[in-house]
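# A look at the structure
Each chain, letter by letter, is given below.
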Amino acid sequence: MDDSELEALRQKRMAEMQQSGQQQSEAKERAKQIEIQKQAMLRQILTPEARDRLSNVRVANPEMANMVEMQLIQLAQSGRLTGMINDPMLRDILMKVTPQRREITIERR
């Protein structure tokens, strides 16, 4: 391989790296816009107390919080949600979504 071929390969690789960097930044920007829209929709659906509870759930269990958020947004977009969801209503929703745990007792003999 001579210097001109090596330089051509370097230039090609640099162009590929720049293009992939642009695609990653565009994907991050799209994800950021989606998150902003989701938060705006949740502000319309949930009371401040319910939003606080959901943010606490997000810290403990992010997957469950995302699932509940998406369900609430879908309900609101389909028109099946009549009013704002307050904290007790959100607690009921979370209780229904949370898997039931078995109680384990240990008996000493």
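Up top is the structure these notes are about.
This one's a predicted model, so the numbers in the text were calculated from it and none came from an experiment.

The next thing to look at is the packing of helix α2 (residues 48-60) against helix α3 (residues 62-78). Their axes nearest at 6 Å, the elements α2 and α3 cross at an angle of 140°. For the element pair α2 / α3, the angle class is oblique. Contacts between α2 and α3 involve Leu54, Val57, Arg58 and Ala60 on the former and, on the latter, Pro62, Ala65, Asn66, Val68 and Glu69.

Next up on the list: the pattern of salt bridges. Per the stated rule, a full pass over the model turns up 7 salt bridges. With a shortest N-O distance of 3.1 Å, Glu69 and Lys38 are connected by a salt bridge. Taken together, the positions of Glu69 in helix α3 and Lys38 in helix α1 (residues 3-45) put the pair 31 residues apart, joining distant regions of the chain. Since its relative accessible area comes to 3%, Glu69 is described here as buried. With a relative accessible area of 12%, Lys38 lands in the buried category. The structure contains a network of salt bridges with shared partners spanning Glu35, Lys38, Arg58 and Glu69.

Conventions adopted
- Residues numbered from 1 in each chain as written.
- Predicted model: local features only at pLDDT ≥ 70, side-chain atom pairs only at ≥ 80, totals over all residues.
- Heavy atoms only, no water.
- Axes fitted to C-alpha atoms, helices over the stretch in contact; angles between N-to-C directions.
- Helix = DSSP H or I, 4+ residues; strand = E, 2+ residues; numbered from the N terminus.
- Parallel < 35°, antiparallel > 145°, perpendicular 65-115°, else oblique.
- Contact = heavy atoms within 4.5 Å.
- Salt bridge = Lys/Arg side-chain N within 4 Å of Asp/Glu carboxyl O.
- Buried < 20%, exposed > 50% of the residue type's maximum accessible area, 1.4 Å probe, protein only.

These figures come from the coordinates and say nothing about function on their own.
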